[in-house]
Amino acid sequence: RSNGMYSTLVYWIVESTVKLPLLFIGYIFYINISYWSLGFEADADKYWYFFWLIFVATMIGYTSSQFFAALLPNEKLVFAVWPIFFIVLSNFSGYGVRIENVLSGLKWVS
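Criteria and cut-off values
- Residues numbered from 1 in each chain as written.
- Predicted model: local features only at pLDDT ≥ 70, side-chain atom pairs only at ≥ 80, totals over all residues.
- Heavy atoms only, no water.
- Helix = DSSP H or I, 4+ residues; strand = E, 2+ residues; numbered from the N terminus.
- Expected span 1.5 Å × (residues − 1).
- Bend = angle between axes of the 7 residues up to and from the residue.
- Buried < 20%, exposed > 50% of the residue type's maximum accessible area, 1.4 Å probe, protein only.
- Contact = heavy atoms within 4.5 Å.
- Phe/Tyr/Trp six-rings, centres within 6.5 Å; stacked < 30°, edge-to-face > 60°.
- Salt bridge = Lys/Arg side-chain N within 4 Å of Asp/Glu carboxyl O.
- Polar contact = N/O pair within 3.5 Å; in protein donor to acceptor, adjacent residues only side chain to side chain.

A. Summary view of helix α1 (residues 8-37). Here α1 spans 40 Å end to end across 30 residues, near enough to the 44 Å set by a 1.5 Å rise per residue. Maximal helix bending in α1 amounts to about 40 degrees, located at L20; proline P21 follows within four positions. Of the residues making up α1, those classed as buried are S16, Y27, I31, S34 and Y35. The inward-facing, buried residues of α1 contact α2 (44-71). Trailing α1 by a residue or two, G39 shows a phi angle of about 75 degrees, which is positive.

B. Focus on the environment of F40. Tracing the backbone through its elements, the reader meets F40 in the loop between α1 and α2. For F40, a relative accessible area of 26% corresponds to the partly exposed category. The spacing of F40 and F50 is 10 residues in sequence and 9.8 Å in space, taken between C-alpha atoms.

C. A look at the packing of aromatic side chains. Tallying each qualifying case throughout the model produces 22 aromatic pairs. Here the aromatic rings of W52 and F55 are separated by 5.9 Å at their centres, their planes lie at 80 degrees, and the arrangement is edge-to-face. With W52 and F55 both in helix α2 and 3 residues apart, this pair spans about one turn of that helix. Clustering of aromatic rings is evident, with ring pairs tying together F24, Y27, Y30, Y35, W36, F40, Y47, W48, F50, F51, W52 and F55.

D. Focus on the pattern of salt bridges. Here the structure, examined in full by the defined rule, presents 1 salt bridge. The salt bridge involving K46 is made with E41; its shortest N-O contact spans 3.0 Å. What makes E41 partly exposed here is its relative accessible area of 49%.

E. Up close: the environment of M59. Here M59 lies in helix α2. Each C-alpha atom, one on M59 and one on S16, is 8.6 Å from the other, the two residues being 43 residues apart in sequence. Those residues in contact with M59 that sit more than four places away from it in its chain are L20 and L23.

F. Structural context of the side chain of S64. Within the secondary structure layout, S64 lies in helix α2. One polar contact links the side chain of S64 to the main-chain carbonyl oxygen of G61, over a distance of 3.1 Å. With near-sequence residues (within four places) excluded, S64 lies in contact with W82 and F85.

Structure representation (structure tokens):
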């Protein structure tokens, strides 16, 4: 990248695309262990919903961190910008849900 051989966007797309199969294989193991350890129902629709929800959320975090790493000139600036970006996303992600709106099966979390 520093030689000017390719742009930041190309680097980000290739890096994210190359890592996708490796992350996918790892998450098959992770999600299988997590889903059954949490005691969720043995329903295929709910399992695949959980699978894709966790996988997509992880890919968004991974690609956005790779994007900032490719875009910014040094790691100090990345470490300064990433928390601001993460805080904004976290505040609007929907994790601040009232306990009354939580499904009855998840109330044990509180």
